[in-house]
Amino acid sequence: QWPDRHSGIAIAGKLGVAAQALTWHLLAASQPHTPATHKEIDMAWFILGLVLFLGSHSGRVFADNWRAKRLAQWGEKVYKGIYSVTSLAGFVLMVYGFSAIRWDSPMLWVPPTGMRHLAALLMLLALVLLVASQVPNNAIKAKLRHPMVLSVKVWALAHLLSNGKAADVVLF
């Protein structure tokens, strides 16, 4: 239980300290005698951001009982506050880490030029699906039921087809 369960700032601070401690611990364990380079630290921030963002969004799927207990224990406002701060912190770390490692990431394959054109067409499809997810009572939503999920999948596929770096594969 949190010492001050009504303070979102205190909880956010604890999450930040825990994230920083975890990052430094992982870096120290991977190379005990060599100081971590900026690339390794940036990769750690990127992975920590992915874990926080995807972990917070996967609570209902993988830990619904834990989620229900926290909702009952903390109340909806505190739970949503912690969820929001965790998601935002994960997103910020993910964007920061990805922007720092993207250009130095090893190239896994060189996509053919035509993949960029295919990716552009797929992005149009992803945009249509995304808009359809927000418009009530439309034929696309009735047929697919969850067009936003399909939109994200098409978006990720388009980016994987047109980008061949390791960081892109991890993100998309």
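Everything that follows concerns the structure shown earlier in this document.
Here the structure is a predicted model, which means the values were calculated and not measured. (Residues numbered from 1 in each chain as written. Predicted model: local features only at pLDDT ≥ 70, side-chain atom pairs only at ≥ 80, totals over all residues. Heavy atoms only, no water.)

1. Looking at the environment of Leu54
Tracing the sequence through the fold places Leu54 in helix α2 (residues 38–57). As a C-alpha pair, Leu54 and Thr86 span 32 residues in sequence and 10.0 Å in three-dimensional space. (Helix = DSSP H or I, 4+ residues; strand = E, 2+ residues; numbered from the N terminus.)

2. Here's the deal with the packing of aromatic side chains
For the coordinates displayed, the defined rule picks out four aromatic pairs. Between Phe53 and Phe91, the aromatic rings sit 6.0 Å apart at their centres with planes inclined by 50 degrees, giving tilted as the arrangement. Here Phe53 is found in helix α2, whereas its partner Phe91 is found in helix α5 (residues 76–101), with 38 residues between them in sequence. The exposure class assigned to Phe91 is partly exposed, which follows from its relative accessible area of 43%. Taking 5.2 Å as the distance between ring centres and 75 degrees as the angle between the ring planes, the aromatic pair formed by Trp155 and Phe172 counts as edge-to-face. With a gap of 17 residues between them, Trp155 in helix α8 (residues 147–162) and Phe172 in the segment after α9 (166–171) connect regions that are remote in the sequence. Taking relative accessible area as the criterion, Trp155 reaches 34% and is therefore assigned partly exposed. Over the aromatic face of Trp74 sits the side chain of Arg70, whose NZ or CZ is 5.9 Å from the ring centroid. (Phe/Tyr/Trp six-rings, centres within 6.5 Å; stacked < 30°, edge-to-face > 60°. Buried < 20%, exposed > 50% of the residue type's maximum accessible area, 1.4 Å probe, protein only. Lys NZ or Arg CZ within 6 Å of the ring centre and 35° of its normal.)

3. Looking at the packing of α2 against α5
How two helices pack is summed up by the angle between their axes together with the distance between the axes. In the contact formed by α2 and α5, the axes pass within 7 Å of each other and the chain directions differ by 145 degrees. For α2 against α5, the interelement crossing comes out left-handed. Note on element contacts: α5 touches α2 through Tyr83, Thr86, Ser87, Gly90, Phe91, Leu93, Met94, Tyr96, Gly97, Phe98, Ala100 and Ile101, opposite Lys39, Asp42, Met43, Trp45, Phe46, Leu48, Gly49, Leu50, Leu52, Phe53, Ser56 and His57. Tallied by class, the residues present in the contact of α2 with α5 amount to 15 nonpolar, seven polar and two charged. (Axes fitted to C-alpha atoms, helices over the stretch in contact; angles between N-to-C directions. Left-handed = near helix turned anticlockwise from the far one by under 90°. Contact = heavy atoms within 4.5 Å. Nonpolar A, V, L, I, M, F, W, Y, C, P; charged D, E, K, R; others polar.)

4. Some words on helix α6 (residues 114–134)
For α6, built from 21 residues, the straight-helix expectation of 30 Å at 1.5 Å per residue is met to within 8% by its first-to-last C-alpha distance of 31 Å. All of the buried residues along α6 are Ala119, Leu122, Ala126, Leu129, Ala132 and Ser133. Viewed along the axis of α6, the buried residues span an arc of 135 degrees, placing them on a single side of the element. Looking at α6, the residues exposed on the side facing more than 90 degrees away from the buried face are Arg116, His117, Leu121, Leu124 and Gln134. Turning to α6, the residues buried within the fold contact α7 (139–144) and α8. (Expected span 1.5 Å × (residues − 1). Arc of directions from axis to C-beta.)

5. As for the side chain of Arg70
Position of Arg70 among the secondary structure elements: in helix α4 (residues 64–74). No salt bridge is formed by the buried Arg70; its nearest oppositely charged neighbour, Asp64, is found at 12 Å. A distance of 2.9 Å separates a polar atom in the side chain of Arg70 from a polar atom in the side chain of Gln73. Contacts of Arg70, omitting those with residues within four sequence positions, involve Gly75 and Tyr79. (Lys, Arg positive; Asp, Glu negative; His and termini not counted. Salt bridge = Lys/Arg side-chain N within 4 Å of Asp/Glu carboxyl O. Polar contact = N/O pair within 3.5 Å; in protein donor to acceptor, adjacent residues only side chain to side chain.)

6. Re the pattern of salt bridges
Scanning all chains against the criterion turns up two salt bridges. Of the charged contacts, one joins Lys80 and Glu76 as a salt bridge, the two residues approaching to 2.8 Å between their closest N and O atoms. Note that Lys80 and Glu76 are positioned in helix α5 at a spacing of four residues, about one turn of the helix. Residue Asp168 is joined to Arg102 by a salt bridge in which the shortest nitrogen-to-oxygen separation is 4.0 Å. With Asp168 in helix α9 and Arg102 in the loop between α5 and α6, this residue pair connects regions lying 66 residues apart in the sequence.

7. Description of the layout of surface pockets
If a probe the size of a water molecule is rolled over the atoms, the empty space left behind becomes visible. Computed from the structure, the largest pocket encloses a volume of approximately 440 Å³. Looking at the largest pocket, it is lined by 13 residues, and the ones nearest its centre are Phe53, Leu54, Met94, Trp155 and Leu171. When contributions to the lining of the largest pocket are tallied by element, the ones reaching two or more residues are α2, α5 and α8. Of the residues contributing to the lining of the largest pocket, the split by class is twelve nonpolar, one polar and no charged. (1 Å grid on protein atoms, 1.4 Å probe; cavity = no way out; pocket = protein on both sides within 12 Å on 5 of 7 lines; lining within 4 Å. Points joined across faces, edges and corners; volume = space filled by probe spheres on them.)

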